[in-house]
Amino acid sequence: ALLSGEIDLAVHSMKDVPTELPEGLAILCVPPREDARDALVSREGRSFMDLPLGARIGTSSLRRQSQLLHARPDLTIAMLRGNLDTRLKKLREGQFDAIVLAAAGLRRLDWAHEITEYIAPQISLPAIGQGALGIEGRSDDPFIRSLLSGLNHAPTQTAVLAERALLHRLQGGCQVPIAAHATIAGTQVTLEGVVASVDGKELIRDRAEGSLDDPESIGIQLAEQLLARGGGRILQAIYGTA
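To keep things clear, this report deals only with the structure shown in the data block. (Residues numbered from 1 in each chain as written. Predicted model: local features only at pLDDT ≥ 70, side-chain atom pairs only at ≥ 80, totals over all residues. Heavy atoms only, no water.)

A closer look at helix 5 (residues 154–169)
Side chains that are three or four residues apart share a direction in an α-helix, a result of its 3.6 residues per turn. The end-to-end C-alpha distance of helix 5, which contains 16 residues, comes to 23 Å, matching closely the 22 Å that a straight helix rising 1.5 Å per residue would cover. Listing the buried residues of helix 5 in full gives Thr156, Thr158, Ala159, Val160, Ala162, Glu163, Arg164, Ala165, Leu166 and Leu167. Within two residues after helix 5, Gln171 carries a phi angle of roughly 55°, on the positive side. (Helix = DSSP H or I, 4+ residues; strand = E, 2+ residues; numbered from the N terminus. Expected span 1.5 Å × (residues − 1). Buried < 20%, exposed > 50% of the residue type's maximum accessible area, 1.4 Å probe, protein only.)

Printed below as a string of structure tokens:
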């Protein structure tokens, strides 16, 4: 629709946007980021570490599954599909002891009161681009680009560029257990990343730092560090069975 001129812009969740866009299209604007963390919604109001032994957790994300199992190998992870209403209904019906969702989605719908616990990134590092929106348009459309310039949030854009550069180097998609989250302090970008096996038994975590001027190089650097520490072997095994 963008390429044909039927529409002039499209709004996406950045964690769902492929790292390679069709020729002629670009992300023209990244507004301020919502909370990037994962959120636990527990049926009995228990925190993640206080869930009973063998608790049944609902999630559709291999990234979450691998990290949660790494922290709590006793858990039972079950597939959870549907929109937020459907997922919360399944929890209330007793199909799960708890479910894990993106905090951003709950907050944007004004359902933050449903959140039992914001899961620390040390336990579950967010997905690339989680909590951020991206507005896509035609690369050669200066009018739309100028209209959107006031909505762009440079720190969020910088963080997302670093995270997406890591994902691109690892040749990962949104359903591969890869996580990354960038934070900015002054002129420095700190990027933390994770590559994990689906069962959570292997988890490689590392970080890289660099200047605001070139966030993508930080993402590539961290990807290389993760690959060198065994991430390549883990991903090869996952891609080989995908």
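What follows continues from the structure just given.
Re the sheet that holds strand 7 (residues 117–118)
The strand order 5-4-6-3-7 describes an open sheet built from five strands, whose pairing is mixed. The sheet terminates laterally at strand 5 (76–79) and strand 7, the two strands that pair on one side only. Sheet topology places strand 3 (residues 38–42) next to strand 6 (residues 98–102); five bridges connect them, and they run antiparallel. Across the sheet, the residue bridging to Ser42 is Ala98, located in strand 6. Against the sheet, helix 2 (residues 84–92) engages strand 3 and strand 6, with an angle of about 160° to strand 6. (Pairing = 2+ DSSP bridges. Contact = heavy atoms within 4.5 Å. Axes fitted to C-alpha atoms, helices over the stretch in contact; angles between N-to-C directions.)

A closer look at the nonpolar core
If you look at the biggest cluster of nonpolar residues, it comprises 22 residues, and the most contacted ones within it are Leu166, Leu170, Ile178, Leu191 and Val195. Only helix 5, strand 9 (178–185), strand 10 (188–196), strand 11 (203–211) and helix 6 (215–241) provide two or more residues apiece to this core. The element contributing the most residues to this core is helix 6, with seven residues. The contact partners of Val195, leaving out residues within four places of it in the chain, are Leu170, Pro177, Ile178, Glu202, Leu203, Ile204, Leu226, Gly231, Ile234 and Leu235. Counting residues in hydrophobic clusters, the runner-up holds 13 residues, among them Leu88, Leu101, Leu106 and Ile115. (Core = buried A, V, L, I, M, F, W, Y, C linked by side-chain atoms within 4.5 Å.)

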